[in-house]
Amino acid sequence: APPAAQATLPPPQPAAQAPAPKTEDAQAKAEAEMERARQENQRRMEAITERLEEQHGKMNIEVRPSPRIFWTSAVIGWVCRILITIVVLKMAFKWSDVHADWIQMVIPAVADTVTQSLVQGVAFALWKTDQLFHIDAAISYFVLLGVLMKTTHACTLARAVAVAGAAKLASLVMWALISVLILHLVT
């Protein structure tokens, strides 16, 4: 065979040497070092957690308004709720084609407001919550239904259901719009 036709093979490479196996002593030493580092990190995390808990305890200041401010804002809130309920009831009467004067809206509006306030107050007193998921509105709906049947021209159950349902739906929408407007003005 001619020399040019022979394939030249690259020179053989020396075999890569495998790393020397660690001795049991070195491996135990490395594991002990890792355990010490883990314990040190654990101690640091516990110290940080304790420090944060102490700071949170110091910063947990309960802000309570003065009784005068609380009752003033409560009365203003009740008056606003009663006025909005009167307007909503008048619209519901118009929508349901039932005649009613403005003065006839006062007693149902007061009953609705008082019922919602009582349910909210009892829920807060018993369970320390103000999130009722409209249970207060549902209870006040039935009170409103009864008061409408007794004090207005919506004296039949069908008329009272139509007026009370329209009024409750409209008041929920109205309060949502007012809340969004207030949040928009504040931010």
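Residues numbered from 1 in each chain as written. Predicted model: local features only at pLDDT ≥ 70, side-chain atom pairs only at ≥ 80, totals over all residues. Heavy atoms only, no water.

Novice: Can you help me understand the overall build of the chain in this one?
Specialist: Check the secondary structure of the chain and you find 5 helices and 0 strands. The helix and strand sequence of the chain, counted from the amino end, reads α-α-α-α-α. By residue count, 22% of the 187 residues in the chain fall in the buried class. Considering only intrachain contacts with a sequence separation of at least 6, the fraction spanning at least 24 residues in the chain is 61%. Accessible area of the chain: about 14,800 Å², with a carbon and sulfur share of 67%. (Helix = DSSP H or I, 4+ residues; strand = E, 2+ residues; numbered from the N terminus. Buried < 20%, exposed > 50% of the residue type's maximum accessible area, 1.4 Å probe, protein only. Contact = heavy atoms within 4.5 Å. Areas by Shrake-Rupley, 256 points an atom, 1.4 Å probe, with all protein chains shown as cover.)

Novice: Looking at this structure, I do not really get the layout of surface pockets. What am I missing?
Specialist: The gaps left among the atoms become clear once a water-sized probe is rolled over them. There is about 570 Å³ of room inside the largest pocket. Taken together, 16 residues make up the lining of the largest pocket; nearest its centre are Ala-74, Gly-77, Trp-78, Arg-81 and Gln-120. Sorting the residues of the lining of the largest pocket by element identifies helix H2 (67–95), helix H3 (106–127) and helix H5 (157–186) as the ones contributing at least two each. Looking at the lining of the largest pocket residue by residue, the classes come out as 10 nonpolar, 5 polar and 1 charged. (1 Å grid on protein atoms, 1.4 Å probe; cavity = no way out; pocket = protein on both sides within 12 Å on 5 of 7 lines; lining within 4 Å. Points joined across faces, edges and corners; volume = space filled by probe spheres on them. Nonpolar A, V, L, I, M, F, W, Y, C, P; charged D, E, K, R; others polar.)

Novice: Would you explain the pattern of salt bridges in this entry?
Specialist: Pairs can form between side chains of opposite charge whenever their charged atoms are close. The final tally for this structure, using the stated rule, is 5 salt bridges. Of the charged contacts, one joins Arg-38 and Glu-35 as a salt bridge, the two residues approaching to 2.7 Å between their closest N and O atoms. Highlighted residues: Arg-38 and Glu-35, both in helix H1 (residues 24–59), separated by 3 residues, approximately one helical turn. Look at Glu-35 and you get partly exposed, because its relative accessible area is 33%. (Salt bridge = Lys/Arg side-chain N within 4 Å of Asp/Glu carboxyl O.)

Novice: Teacher, can you tell me more about the environment of Ala-100 here?
Specialist: Note that Ala-100 resides in the loop between H2 and H3. Under the relative-accessibility criterion, Ala-100 is labelled buried at 2%. Along the primary structure Ala-100 and Leu-89 are separated by 11 residues, whereas in three dimensions their C-alpha atoms are 9.4 Å apart. Every residue in contact with Ala-100, bar those within four places of it in the chain, is listed here: Lys-90, Phe-93, Met-105 and His-153.

Novice: What is the right way to read the packing of aromatic side chains from this model?
Specialist: Aromatic ring pairs are defined here through the distance separating the ring centres and the angle between the ring planes. Applying the stated criterion across every chain, the model contains 3 aromatic pairs. Measuring from ring centre to ring centre gives 6.4 Å for Trp-71 and Trp-78, while their planes differ by 55°; the resulting arrangement is tilted. Owing to a relative accessible area of 36%, Trp-78 belongs among the partly exposed residues under this scheme. For the ring pair Tyr-141 and Phe-142, a centre distance of 5.3 Å and an interplane angle of 75° mean the geometry is edge-to-face. A connected cluster of aromatic rings, assembled from ring pairs, spans Phe-70, Trp-71 and Trp-78. (Phe/Tyr/Trp six-rings, centres within 6.5 Å; stacked < 30°, edge-to-face > 60°.)

Novice: Please explain a negative patch on the surface as it appears in this structure.
Specialist: Together, Glu-46, Glu-50, Glu-53 and Glu-54 make up a region of like negative charge exposed at the surface. Note that Glu-53 resides in helix H1. (Patch = residues over 30% accessible without salt bridge, like charges linked within 9 Å, V, L, I, M, F, W, Y side chains within 5 Å. Lys, Arg positive; Asp, Glu negative; His and termini not counted. Charge placed at Lys NZ, Arg CZ, Asp CG, Glu CD.)

Novice: Just to check I follow, could you spell out the nonpolar core for this structure?
Specialist: General note: in soluble globular proteins, nonpolar side chains tend to be found buried as a group. Ranked by internal contacts, the top residues of the largest apolar core, which has 20 residues, are Leu-89, Phe-93, Leu-148 and Val-163. For this core, the secondary structure elements donating two or more residues are H2, helix H4 (135–151) and H5. Ignoring sequence-local partners within four residues, the contact set of Leu-89 consists of Met-105, Pro-108, Ala-109, Leu-144, Leu-148, Val-163 and Ala-167. (Core = buried A, V, L, I, M, F, W, Y, C linked by side-chain atoms within 4.5 Å.)

Any functional reading would require information beyond the geometric quantities listed.
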